[in-house]
Amino acid sequence: MKERSATIRADDSPVTSRSPMSPRGRALRIAVLGAGTVGGEVVRALVERGSELVAADGAPLELAGIAVRDIARARAAGLPAELLTDAPAHLVAADDTDVVVELMGGDEPAHTLIAAALAAGKAVVSANKHVIAHHGPELEAIARRTGAALRFEAAVGGGVPVLGPLATELAANRVTAVRGIVNGTTNYILSAMSDEGREYADVLAAAQAAGYAEADPRGDVEGHDAVNKLVILARLAFGVWLDPATVTTIAIDGPGAARPGITGIGAADIASAAALGRTIKLVADARRDDEGSILASVLPTAVPTESALGRTSGVLNRIEIDGEPVGTVAFSGPGAGGPATSSAVLADLIAIARGLGSTWAGLPPAGAA
Ligand SMILES: NC(=O)c1ccc[n+]([C@@H]2O[C@H](COP(=O)([O-])OP(=O)(O)OC[C@H]3O[C@@H](n4cnc5c(N)ncnc54)[C@H](OP(=O)(O)O)[C@@H]3O)[C@@H](O)[C@H]2O)c1
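Residues numbered from 1 in each chain as written. Predicted model: local features only at pLDDT ≥ 70, side-chain atom pairs only at ≥ 80, totals over all residues. Heavy atoms only, no water.

1. Structural notes on the overall build of the protein
- Across its full length, the protein holds twelve helices and 13 strands.
- Dimensions of the protein, computed from C-alpha atoms along their principal axes, come out at roughly 65 × 50 × 35 Å.
- Taking all 369 residues of the protein together, 53% fall into the buried category.
- Partitioning the intrachain contacts of the protein with sequence separation of at least 6 by distance along the chain shows that 71% fall at a separation of at least 24.
- Of the roughly 15,400 Å² of accessible surface on the protein, a fraction of 53% belongs to carbon and sulfur atoms. (Helix = DSSP H or I, 4+ residues; strand = E, 2+ residues; numbered from the N terminus. Buried < 20%, exposed > 50% of the residue type's maximum accessible area, 1.4 Å probe, protein only. Contact = heavy atoms within 4.5 Å. Areas by Shrake-Rupley, 256 points an atom, 1.4 Å probe, with all protein chains shown as cover.)

2. Side note on the sheet that holds strand β3 (residues 84-85)
- Strands sit in the order β3-β2-β1-β4-β5-β6 across an open sheet of six strands; the sheet is parallel. The two strands at the open ends of the sheet, each matched to only one other strand, are β3 and β6 (150-151).
- One ladder, built from two bridges, connects strand β5 (residues 123-126) with β6; its direction is parallel. Bridge assignment links V125 to a residue of β6, and that residue is R151.
- Of the strands in this sheet, β1 (28-33), β4 (99-102), β5 and β6 touch helix α4 (residues 110-119), which is tilted by about 150 degrees from β5. (Pairing = 2+ DSSP bridges. Axes fitted to C-alpha atoms, helices over the stretch in contact; angles between N-to-C directions.)

3. Quick word on the site of the ligand
- Taken together, 22 residues sit near the ligand, with T37, V38, R69, R73 and G337 positioned nearest.
- At 3.1 Å, a side-chain N or O of K129 approaches an oxygen atom of the ligand.
- The backbone of G337 places a nitrogen or oxygen atom 2.6 Å from an oxygen atom of the ligand.
- Isolated, the ligand exposes 900 Å² of accessible area, and the fraction of that covered by the protein chains is 76%.
- Looking at the shell around the ligand residue by residue, the classes come out as eleven nonpolar, seven polar and four charged. (Near = heavy atom within 4 Å. Polar contact = N/O pair within 3.5 Å; in protein donor to acceptor, adjacent residues only side chain to side chain. Nonpolar A, V, L, I, M, F, W, Y, C, P; charged D, E, K, R; others polar.)

4. Points about helix α12 (residues 338-353)
- A rise of 1.5 Å per residue sets the reference length of α12, with its 16 residues, at 22 Å; its end C-alpha atoms lie 22 Å apart and thus fit the reference within 8%.
- Most of α12 sits out of view: twelve of its 16 residues are buried.
- Looking one or two places after α12, you find G355, whose phi comes out positive at around 75 degrees. (Expected span 1.5 Å × (residues − 1).)

5. A closer look at α4
- Counted residue by residue, α4 has nine buried out of ten residues, so it is predominantly covered.
- Of the positions making up α4, those classed as buried are A110, H111, L113, I114, A115, A116, A117, L118 and A119.
- Against β1, α3 (88-93), β4, β5, α5 (129-146) and β6 lie the buried residues of α4.
- Trailing α4 by a residue or two, G121 shows a phi angle of about 80 degrees, which is positive.

6. So, the packing of aromatic side chains
- Counted under the stated rule, the structure contains two aromatic pairs.
- Aromatic pair Y188 and Y212: ring centres 4.4 Å apart, planes at 35 degrees, arrangement tilted. You can see Y188 sitting in helix α7 (residues 184-196) and its partner Y212 sitting in the loop between α8 (200-209) and α9 (218-221), a full 24 residues away along the chain.
- For Y212, a relative accessible area of 41% puts it in the partly exposed group. (Phe/Tyr/Trp six-rings, centres within 6.5 Å; stacked < 30°, edge-to-face > 60°.)

7. Quick notes on the environment of L295
- Tracing the backbone shows L295 in strand β10 (residues 294-304).
- Residue classification places L295 among the partly exposed positions, given a relative accessible area of 46%.
- Measuring from C-alpha to C-alpha, the distance between L295 and G184 comes to 23 Å, with 111 residues separating the pair along the chain.
- Sequence-distant contacts of L295, that is, excluding residues within four places in its chain, are made with D285, A286, R287 and D289.

8. What to know about the side chain of N317
- Residue placement: N317 occurs in strand β11 (residues 316-324).
- In contact with N317, not counting residues within four places along its chain, are G157, I181, V182, N183, G184, T312, F331, S332, G333 and G335.

9. Topic: the confidence of the model for the protein
- When the pLDDT values of the protein are averaged, the result is 92; 93% of them are 70 or greater.
- The low-confidence segment residues 1-24, where pLDDT is below 50, has 65 contacts with residues more than four positions distant or belonging to other chains. (pLDDT = per-residue confidence, 0-100.)

Written out as structure tokens, the structure reads:
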């Protein structure tokens, strides 16, 4: 085991000492914070097929601990009892934790735990779009100062790889626009309204009963979740952290105007669009204008029904990127769900074990827009 300081700070003050982590050699010890829909799948994969999750040029992965709120419930759910704790901060601070996988969700304590891990030079993988979008500049500054990797592929598009390709395979491009359907709940509601001719409130209630929408659905239906994902996409596409509060979510005119997200869409809007061969989708869109400013919005948009966005229904996500010289490329697939999202989290773990650095590795430090 390598020597390292136990000094854990949630701010960005200097860490006293810590040996850099080798991407090869001994196993990386992983602390998973949160074992719900996504965390449960990640834990299961590490327990059941951890030996398969080793790149030829990377370190093995070893599950070191799992933080949950209710240990008895987690044990009853079959999680390894000897690894469970209800003290996530202790797991983050533990000398032999190399990588923190944050899958608790929400703002706090997730934000402080991620910041503390990075400040201590520990790598972090997170699927938490809220924390990455709202605290991105601070977390990037800490990660760059300590050299710790911060990866968050699962925060956008669930199982759909899009941030990695933006930062790596598309690195030779000048990206001019990013747009897509990035919120499965609203897409499910709009698809059901369209297919069944039902009103928004009816479909929302059915989606809540079926578990497709939260009891408090505002984060999804008012567009905040899609805004967070757009902010993260824009960081990779345009090299800036947008302030989520500056992303437009209320249209001046058109379907659902004057109400946030899809909350103003009615059956009449869906029918009017259909009569014109169009389908209403909640489209997240960020583009560079002629002066270099970034224009960003998350708005209900009538797209041609036969277009690729128009045909993206239910909980599928689709993200399109315009770049020069590539033209337009698109990524689509399952935007949510434990197994699909665990694919992106586990890929980030493998990337860390290979020493590939942060999701933005290779790109210049972000500016603020
Ligand atoms: N679900 C998806 O399809 C999906 C897709 C992409 C990204 N994400 C993101 O992935 C993250 C996790 O989502 P999820 O759907 O897996 O959430 P979830 O099912 O609600 O699971 C969250 C887990 O974290 C635990 N937790 C919460 N606060 C805690 C605390 N203070 N201390 C210890 N444990 C705590 C919860 O414990 P209790 O059960 O005891 O409360 C639960 O086990 C979120 O950031 C989400 O936005 C999810």
